[in-house]
Amino acid sequence: MVSRDILRRYESLKKEIARHDRLYYVLDSPEIDDSSYDRMMRELLELEREHPTLVSDDSPSRRVGGRPLDGFLKVVHSHPMLSLDDVFDVSELRSFLSRATGPVSSFPWVCELKIDGLAVSLIYEDGVFVGGATRGDGSVGEDVTSNLLTVRSLPLRLNIDVPGRLEVRGEVYMAKNSFARLNERREEKGDPLFANPRNAAAGSLRQLDPRVAAERRLDLFVYAVVSPEERGINSQSDLLSWLKKAGLPVQDAWELCSDLDEVEEFVARWQEERFSLSYVTDGVVVKADPVEQWGRLGRTARAPRWAVAYKYPPEEKTTVLKEIEISVGRTGAMTPVAILEPVQLAGSVVRRASLHNEDEIRRKDVRIGDRVKVRKAGEIIPEIVSVDSEARNGTEIPFEMPRNCPICGSEAVRLPDESAWRCPNKSCPAQMNEELRHFASRGCMDIRGLGERVASQLVGSGFVRDLADLYELKEEQIISLDRMGPKSASNLISAIRGSKDRPLAALLAGLGIRHVGKGVAELLVERYGSMEALRRADPEELGSIEGVGPAIAASLEAFFSDDGNIRTLDRLMDHGVRMEERRPETSSDGKLLSGMTFVFTGELKRASRSEAQKLVKSMGGKATSSVSGKTSYVVAGESPGSKLDKAVSLGIPVLDEDGFYEMVESLAGNEKEE
Ligand code: IVH
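Residues numbered from 1 in each chain as written. Predicted model: local features only at pLDDT ≥ 70, side-chain atom pairs only at ≥ 80, totals over all residues. Heavy atoms only, no water.

## Considerations on the side chain of histidine 77
Piece 1. Within the secondary structure, histidine 77 is located in the loop between β1 (74-76) and β2 (86-87).
Piece 2. Engagement of the side chain of histidine 77 in a polar contact is seen with the backbone oxygen of threonine 134, the distance being 3.1 Å.
Piece 3. At 3.1 Å, the side chain of histidine 77 and the backbone oxygen of arginine 135 are in polar contact.
Piece 4. Setting aside anything within four residues of it in sequence, one finds histidine 77 in contact with Ser121, Ala133, Thr134, Arg135, Gly138, Ser139, Val140, Gly141 and Arg169. (Helix = DSSP H or I, 4+ residues; strand = E, 2+ residues; numbered from the N terminus. Polar contact = N/O pair within 3.5 Å; in protein donor to acceptor, adjacent residues only side chain to side chain. Contact = heavy atoms within 4.5 Å.)

Structure representation (structure tokens):
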């Protein structure tokens, strides 16, 4: 039984979270900071965990952590999802609209911006979001509910009472900055780029794993309701106001125009103004305002006769490519960038455009001095569409990728199957921020307190120029950083010290060697046992290990051939960072943990604390309840207590629950193979 107080608290948390979601994601005017929001969310999740009967369809917890699906279910639309007829200039627009109006009657038109995304249908039952689908072929779409739940601007409950089933239609899109960030990350990784935010949104909404959609940050605008007259809505303008009142995200730029001159004026005004918006609009949708006209005008097989899309022409300009520079990204990717004669394009002056990689330059035959046509992908990322080879006068110079990193001078490498040349030096200043953050992250050296902010401060201040510098940091240096007190500085120092004894696989994964994540690192450690043996490994032999292969072997070879990397490894070793795998001391399963003492703190998920302690004992280890210098490992579950602080202050290695089982399993696994 859930007490009334808990129920009340739960309902109020749900309401507050929904209100702050709307303030943040729809109205763009947050009232609270992230940590206060996270606190509310944590409290709500905690209540749901303790009282599973509370969980309801409008709970914000539905937005997090859905499971990957095997495929999407088909959904038959209750009413077909129509497309729109396109017009490409003002005279076509005028003739479409005057044909619809007819010679005698006249009625107002609503102009809306055409959002460049993909159409979705959303179903609310008694005001609660129950599911949604893509347009598909107009009659049958796909059920993408779990991905729609990750769209934070989609309200799970409407703000007004709407009894029964309501079908709302709108557009899921990706904002320009999310699109740019996504492509930037893909370029770094060498993944193919999305051509525009619409493709990116479509690709994300059709991901089977909702976590991918959540990461990509999709947005929503709604603009239609099925059978509006049944809700007493008689015009498109009333409909948009009603949707907004219901708490649904409506694009605000719409206008009610009383005649075609006003429509034309709207179209002309937004031709340039649209570039200042945070999302891409590729045109204007003009709709008859009175709903009664919709029935009168009817539709063709694919589009209504009461609405039309005016499409703006794509923005392209010609300019001169003056030079090609190399920019080095956070993962060492060397990207050629065209330096252009400045040109006004889609709302800003363009001076640079990525040329992506060497192959792309060859494919387009781009030369220094060429006249090139440029456009902006997603109105934001300038790119070269083509070269005007007719305009050449013979002075144009073909481009050669430099063989060295322009930042640190290291010899660049190009791995098999990759399009990018990369700087292999992990201490290259261009890579250090990301390198350090990754090294300290949970799956790697797990240095608590060393997140993105602190990593960039340590690099920015010049205290860390190389991963090994981390182990020479002084407390005074850390205190001198922004927002760092003596307590957090000393915790950080202990956490750094504590990381020296992490398993070799954690170090190997932490070095950020291309293609060498945790899984591969474990395979390598299992096979070679020490950093030195791995360094000396024969590339061919490496490549033939199952699960490793030639691409990884080439990447390791490039890493170990770089003098800077070898220096870093030597220094890490001098500081006592573990470079060899700890082998079990005894040979029977019952003694694998002998000599080791474990302390458990916080709540464990996979088994109770006493079961975990029993496991330790059954493997010959000791499980005690207090942390001391003799403790080998502290295993911290959810909401750990002061034992964790003590472990950190004593520099005792801390494992999370998964880490503990991984260790136990890997010890048992090693044992079996020996
Ligand atoms: S109304 C029957 N309004 O454009 C009316 N569509 O080219 C159907 N779109 O399939 C749509 N913004 O995906 C409407 N403000 C807007 C829109 C919009 C974008 C999309 C929608 C539609 C496509 C037609």
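## Overview of the pattern of salt bridges
Piece 1. Evaluation of the coordinates by the stated rule reveals 54 salt bridges.
Piece 2. A salt bridge links arginine 165 to glutamate 167; the nearest nitrogen and oxygen atoms lie 3.9 Å apart.
Piece 3. By relative accessible area, which is 46% here, arginine 165 ends up partly exposed.
Piece 4. The exposure class of glutamate 167 is buried, given its relative accessible area of 6%. (Salt bridge = Lys/Arg side-chain N within 4 Å of Asp/Glu carboxyl O. Buried < 20%, exposed > 50% of the residue type's maximum accessible area, 1.4 Å probe, protein only.)

## Description of the UniProt feature "binding site: NAD(+)" (unreviewed entry) in the protein chain
Piece 1. Residues annotated by UniProt as "binding site: NAD(+)" (unreviewed entry) correspond here to Asp34, Ser35, Ser36, Tyr37, Asp38, Ser83, Leu84, Glu112, Arg135, Glu171, Lys287 and Lys311. Of the residues just listed, which span 278 residues, the most distant C-alpha pair is 44.0 Å apart, and they do not cluster in one region.
Piece 2. By the secondary structure assignment, tyrosine 37 is in helix α2 (residues 34-50).
Piece 3. Apart from the residues lying within four places of it in its own chain, the contact partners of tyrosine 37 are Ile17, His20, Asp21, Ile32 and Arg152.
Piece 4. Structurally, glutamate 112 can be placed in strand β3 (residues 109-115).
Piece 5. Since its relative accessible area comes to 6%, glutamate 112 is described here as buried.
Piece 6. Sequence-distant contacts of glutamate 112, that is, excluding residues within four places in its chain, are made with Tyr223, Gln236, Leu240, Trp254, Phe266, Gly283, Val284, Val285 and Lys287.
Piece 7. Separated by 2.6 Å, the side chains of glutamate 112 and glutamine 236 make a polar contact. (UniProt positions renumbered as here; feature names shortened; annotations may be inferred.)

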